[in-house]
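Listed below are the residues making up each chain.
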Amino acid sequence: MSSQHLFFNSQRYQSTLAGPRIIITGAVHGNEICGTQAIRRVIAEIDAGIIQIISGCVTFVPVTNPLAYQRGERQGDRNLNRRLLPTSTPTEFEDHVANWLCPLLAENDVLLDLHSFRGEGEAFVLVGPENNDGDIEPFSHAEAELAMARCLGVHRMVDGWLSTYARGVVRRQQRLGPDADARMLANANTQFGVGTTEYMRSVGGYAVTLECGQHLDPQAPEVAYRAIINTLTHLGIIAGTAPAAVKEIETLRIYDVIDKLHDDDHFVREWRSFDEVKKGDLIGLRHDGSEVRAEMDGRMIFPDAGAHCGEEWFYITRYSDRIQEGNA
């Protein structure tokens with residue numbers, strides 16, 4: 001099937017009673033299908049009357065990027081979760097997705113975006129910044145977002161995405177030479193870090209990304225399903241007892257993104273998301289033999305040994321005290 005014959009699909013359920021409007025997305029990356037499976041399970045249970053909508057509105061998007069999903073790959077023409085913005089001049093398939101998806105996001109108040117990851121590791125949630133009126137990601141719904149994140153049933157939370165990405169893009173711009181190709185120029189775009197959750201916050205909503213586990217983990221669809229049910233009961237959209245907030249949760253803040261500068265840059269060991277690193281630990285070697293070491297104690301996330309030159313190689317987090325005991 002060519003991209004010309006693909007189509008976009010969403011399914012909405014709306015109560016007669018007012019309430020929050022949430023959108024739940026799966027397969028933003030086509031090889032991350034746990035969200036798709038969980039969403040289809042919930043839709044079937046709503047249609048069968050097992051789950052009851054009692055207020056507000058929920059919109060499901062089981063397959064956000066149908067071209068990538070059809071291929072069973074992370075992306076179609078490019079990574080949808082980078083530079084997600086409407087455009088009047090679509091050239092790549094993901095531009096057409098953005099032109100359809102962004103208005104749909106803007107119709108809602110809340111987003112739950114379901115993903116998985118390549119390496120081994122436990123499920124975790126990515127949240128936005130604290131309330132601020134800065135230039136990078138101004139925000140005013142931090143309390144609501146944290147409350148939602150803590151109802152998902154996971155025990156690890158990460159923030160700091162967009163501010164870290166902005167610093168990484170500045171470094172990419174500084175490295176650009178006169179022979180930079182279109183991919184390198186796109187990766188150095190200041191809007192490159194904007195994905196589904198960042199766009200949702202930019203139009204006045206709040207959002208979380210749930211990384212449900214490794215792509216092929218048989219438990220990942222169950223993690224996604226439970227998160228959907230917990231979120232919908234937390235918001236009062238479906239009948240049921242609201243979940244208790246997770247009390248024991250490790251909070252981490254991304255402080256740096258490290259790109260591959262050459263295809264032959266390599267790790268000195270096999271890293272997994274949330275492997276602990278100590279200040280000075282050797283993480284990898286550049287193609288010229290120079291060392292890449294940890295600047296402080298923290299944890300590794302999203303290591304990608306298969307990244308290409310100019311792409312994200314890994315992220316490093318530090319420990320954060322954003323959730324204090326008094327907020328538990």
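Basis of the calculations
- Residues numbered from 1 in each chain as written.
- Predicted model: local features only at pLDDT ≥ 70, side-chain atom pairs only at ≥ 80, totals over all residues.
- Heavy atoms only, no water.
- Salt bridge = Lys/Arg side-chain N within 4 Å of Asp/Glu carboxyl O.
- Helix = DSSP H or I, 4+ residues; strand = E, 2+ residues; numbered from the N terminus.
- Buried < 20%, exposed > 50% of the residue type's maximum accessible area, 1.4 Å probe, protein only.
- Core = buried A, V, L, I, M, F, W, Y, C linked by side-chain atoms within 4.5 Å.
- Pairing = 2+ DSSP bridges.
- Axes fitted to C-alpha atoms, helices over the stretch in contact; angles between N-to-C directions.
- Parallel < 35°, antiparallel > 145°, perpendicular 65-115°, else oblique.
- Left-handed = near helix turned anticlockwise from the far one by under 90°.
- Contact = heavy atoms within 4.5 Å.
- Nonpolar A, V, L, I, M, F, W, Y, C, P; charged D, E, K, R; others polar.

Visitor: Which residues make up the pattern of salt bridges, and what values do they have?
Guide: On inspection of all chains with the given rule, the structure shows 22 salt bridges. In this structure, Asp 109 engages Arg 21 in a salt bridge whose closest nitrogen and oxygen atoms are separated by 2.6 Å. Of this pair, Asp 109 sits in the loop between α3 (93-106) and β4 (110-117) while Arg 21 is found in strand β2 (residues 21-25), placing the two residues 88 residues apart along the sequence. Residue classification places Asp 109 among the partly exposed residues on the basis of a relative accessible area of 26%. What emerges from the salt-bridge pattern is a single network uniting Arg 78, Arg 83, Glu 92 and Asp 95.

Visitor: Residues and numbers for the nonpolar core, please.
Guide: Note that soluble globular proteins tend to have their nonpolar side chains buried in a common cluster. In terms of nonpolar packing, the biggest core is built from 44 residues, with Ile 22, Ile 24, Phe 60, Leu 112 and Ile 228 touching the most fellow members. Elements with a contribution of two residues or more to this core: β2, α1 (34-47), β3 (57-61), β4, α4 (142-149), β7 (206-214) and α8 (220-234). Sorting elements by how many residues they give to this core places α8 first, with seven residues. Of all hydrophobic cores here, the second largest spans 19 residues; its members include Leu 6, Leu 104, Leu 111 and Tyr 199.

Visitor: Before we move on, can you summarise the sheet that holds strand β11 (residues 282-285) with the specific residues and values?
Guide: The strand order across the open sheet built from three strands is β9-β11-β12, with neighbouring strands paired in antiparallel fashion. Two strands in the sheet have a free side with no partner beyond their single neighbour: β9 (266-267) and β12 (291-293). With two bridges connecting them, β9 and β11 associate as antiparallel partners. Pairing of Phe 267 across the sheet is with Gly 284, part of β11.

Visitor: Outline the packing of α1 against α8, listing residues and values.
Guide: In contact at an axis separation of 8 Å, α1 and α8 are set at 50° when each is read in the N-to-C sense. In terms of orientation, α1 lies oblique with respect to α8. When the axes of α1 and α8 are compared, the crossing they make is right-handed. Along the contact surface, α1 presents Cys 34, Gly 35, Gln 37, Ala 38, Ile 39, Arg 41, Val 42 and Glu 45, while α8 presents Ala 220, Pro 221, Glu 222, Ala 224, Tyr 225, Ile 228 and Ile 229. Of the residues contributing to the contact of α1 with α8, the split by class is 10 nonpolar, two polar and three charged.

Visitor: Help me get a handle on the sheet that holds strand β6 (residues 156-159), residues and values and all.
Guide: Strand order in the open sheet formed by 11 strands is β1-β3-β2-β4-β7-β5-β6-β8-β14-β13-β10, with mixed pairing between adjacent strands. Each edge of the open sheet carries a strand with a single partner, namely β1 (11-14) and β10 (276-277). Relative to strand β14 (residues 312-319), strand β13 (residues 298-301) runs antiparallel, the two being bridged by three bridges. The partner of Ile 301 across the bridge, within β14, is Tyr 315. Of the strands in this sheet, β2, β4, β5 (124-126), β6 and β7 touch α4, which is tilted by about 25° from β7.

Visitor: Which residues make up unusual backbone geometry, and what are the values?
Guide: A negative phi angle is the norm for most residues apart from glycine, just as the trans form is the norm for most peptide bonds. The phi angle at Ala 27 is positive, at roughly 55°, despite the residue not being glycine. By the secondary structure assignment, Ala 27 is in the loop between β2 and α1. Positive phi outside glycine occurs at Phe 274, with the angle close to 80°. Along the chain, the position of Phe 274 falls in the loop between β9 and β10. The exposure class assigned to Phe 274 is buried, which follows from its relative accessible area of 5%.

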